[in-house]
Amino acid sequence: MPPQNNYSLYQLVYFYIFAIEMPTKAQLTSKFIVEQVAPVFNKLGYEATSMADITKVTGLTKGAIYGNFKNKEELAIAAFNHNIRKVVFLVADKMNLEKTAENKLFAMTKFYKTYYTFTLELGGCPLLNVGVDTNNFNSQLHARVILVLKKLQQNVAVIIQQGIDEKIFKSNLDTQKLGSRIVSLIQGAIFTTTMLKDPTPLIDMMDFIERMINTDFKL
């Protein structure tokens, strides 16, 4: 059943203290729909996910779904964003705990060593799944994949630049090229691991990236 906006006294006090606007019933319902359908879209793909799948997993009618989302594509984009946030926020939290660029990159590789197991409950890597699924159609959803990829590349490039500024990494490193290369290595290893249903290739690639940081990046 979708959530109701019957807030506890604790929640009401929290909203009041921090001057946060309380979510409306419609907002809670939209959030509930996205949370329920996100794994379905990720596992089945955009085209294969039917309205029957959506109504079944949410327990809501077709009218209720379209009362919150104007079409299936808008819901699919919201579901993709939800899945990506679950992954990106988790690795970002682990990286943000570290101070130096070197440790941030090692926190990233450590995370991806367990990535295959972590994403099993999501139905696999959302970036890989949606990227392949929408490569030849659904330009809006595919554009979201491209945006996430570019942001990941840029984030790694920024961290490498941080390492240069800290005088830990060599000053002549091409940060943009290396950011793109590392993300490509990770995504390629995710593909191989997913196809083989074996985490070994991804773990091995993270070991390779760690060696690359130690031998090619560091002064």
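So, a few notes on the structure that sits alongside this text. (Residues numbered from 1 in each chain as written. Predicted model: local features only at pLDDT ≥ 70, side-chain atom pairs only at ≥ 80, totals over all residues. Heavy atoms only, no water.)

### Some remarks on the overall build of the protein
Helix and strand counts for the protein stand at 11 helices and zero strands. Ordered by position from the N terminus, the helices and strands of the protein form the series α-α-α-α-α-α-α-α-α-α-α. Residues counted as buried form 40% of the 219 residues belonging to the protein. Summed over all atoms, the accessible surface of the protein reaches about 12,300 Å², with 57% contributed by carbon and sulfur. (Helix = DSSP H or I, 4+ residues; strand = E, 2+ residues; numbered from the N terminus. Buried < 20%, exposed > 50% of the residue type's maximum accessible area, 1.4 Å probe, protein only. Areas by Shrake-Rupley, 256 points an atom, 1.4 Å probe, with all protein chains shown as cover.)

### A closer look at the side chain of N138
You can see N138 is positioned in the loop between α8 (126–133) and α9 (139–165). A polar contact is formed between the side chain of N138 and the backbone nitrogen of L141, at a distance of 3.1 Å. Apart from residues lying up to four places away in sequence, N138 is in contact with Y46 and E73. (Polar contact = N/O pair within 3.5 Å; in protein donor to acceptor, adjacent residues only side chain to side chain. Contact = heavy atoms within 4.5 Å.)

### Focus: helix α10 (residues 175–196)
Relative to the 32 Å expected for 22 residues at 1.5 Å per residue, α10 spans 32 Å between its end C-alpha atoms, a close match to the ideal helical length. Within α10, the full set of buried residues consists of T175, L178, G179, I182, V183, I186, Q187, A189, I190 and T193. Angular distribution of buried residues about the axis of α10 spans 160°; they occupy a single face of the element. K197 sits one or two positions beyond α10 and adopts a positive phi of about 55°. (Expected span 1.5 Å × (residues − 1). Arc of directions from axis to C-beta.)

### Some words on unusual backbone geometry
The backbone of K167 shows a phi angle near 60°, a positive value even though the residue is not glycine. Turning to its location among the elements, K167 is positioned in the loop between α9 and α10. One non-glycine residue, K197, lies in positive phi territory at about 55°. Here K197 is to be found in the loop between α10 and α11 (200–217).

### A short note on the nonpolar core
Ranked by size, the top nonpolar core spans 55 residues in total, and within it L75, L105, M108, I160, F169, I182 and F217 carry the most contacts. Listing elements by their share of this core, those giving two or more residues are α2 (25–44), α5 (72–96), α6 (101–113), α8, α9, α10 and α11. In terms of residue count, α5 provides more of this core than any other element does, 10 residues in total. Not counting chain neighbours up to four residues away, the residues in contact with M108 comprise V91, M95, V156, I182 and I186. (Core = buried A, V, L, I, M, F, W, Y, C linked by side-chain atoms within 4.5 Å.)

### Quick notes on the packing of α5 against α9
At a closest axis distance of 10 Å, the pairing of α5 and α9 adopts a crossing angle of 15°. Viewed along their axes, α5 and α9 adopt a mutual orientation that is roughly parallel. Seen from above, α5 lies across α9 with right-handed handedness. Counted together, E73, A76, I77, F80, N81, I84 and M95 of α5 and Q140, L141, R144, V145, V148 and I159 of α9 form the full contact between these two elements. Class assignment of the residues belonging to the contact of α5 with α9 gives a composition of nine nonpolar, two polar and two charged. (Axes fitted to C-alpha atoms, helices over the stretch in contact; angles between N-to-C directions. Parallel < 35°, antiparallel > 145°, perpendicular 65-115°, else oblique. Left-handed = near helix turned anticlockwise from the far one by under 90°. Nonpolar A, V, L, I, M, F, W, Y, C, P; charged D, E, K, R; others polar.)

### So, the environment of L152
Tracing the backbone shows L152 in helix α9. Here the alpha-carbon distance between L152 and V88, two residues 64 residues apart in the chain, equals 9.0 Å. Filtering out sequence-adjacent residues up to four positions away, L152 remains in contact with L127 and V183.

### Focus on the packing of aromatic side chains
This model, assessed by the stated rule, comprises six aromatic pairs. When the ring of F41 is compared with that of Y46, the centres are 6.5 Å apart and the planes differ by 15°; the resulting orientation is stacked. Each member of the pair F41 and Y46 is classed as buried. Relative to F217, the ring of F169 has its centre 5.6 Å away and its plane inclined at 75°; by these criteria the two rings are edge-to-face. Within this pair, whereas F169 is found in the loop between α9 and α10, its partner F217 is found in helix α11, the two being separated by 48 residues in sequence. The same class applies to F169 and to F217, which are both buried. Here the aromatic cluster, defined as three or more aromatic residues joined through ring pairs, consists of F111, Y112, Y115 and F118. For K72, the ring lying beneath its charged end belongs to Y46, and the centroid distance is 4.7 Å. (Phe/Tyr/Trp six-rings, centres within 6.5 Å; stacked < 30°, edge-to-face > 60°. Lys NZ or Arg CZ within 6 Å of the ring centre and 35° of its normal.)

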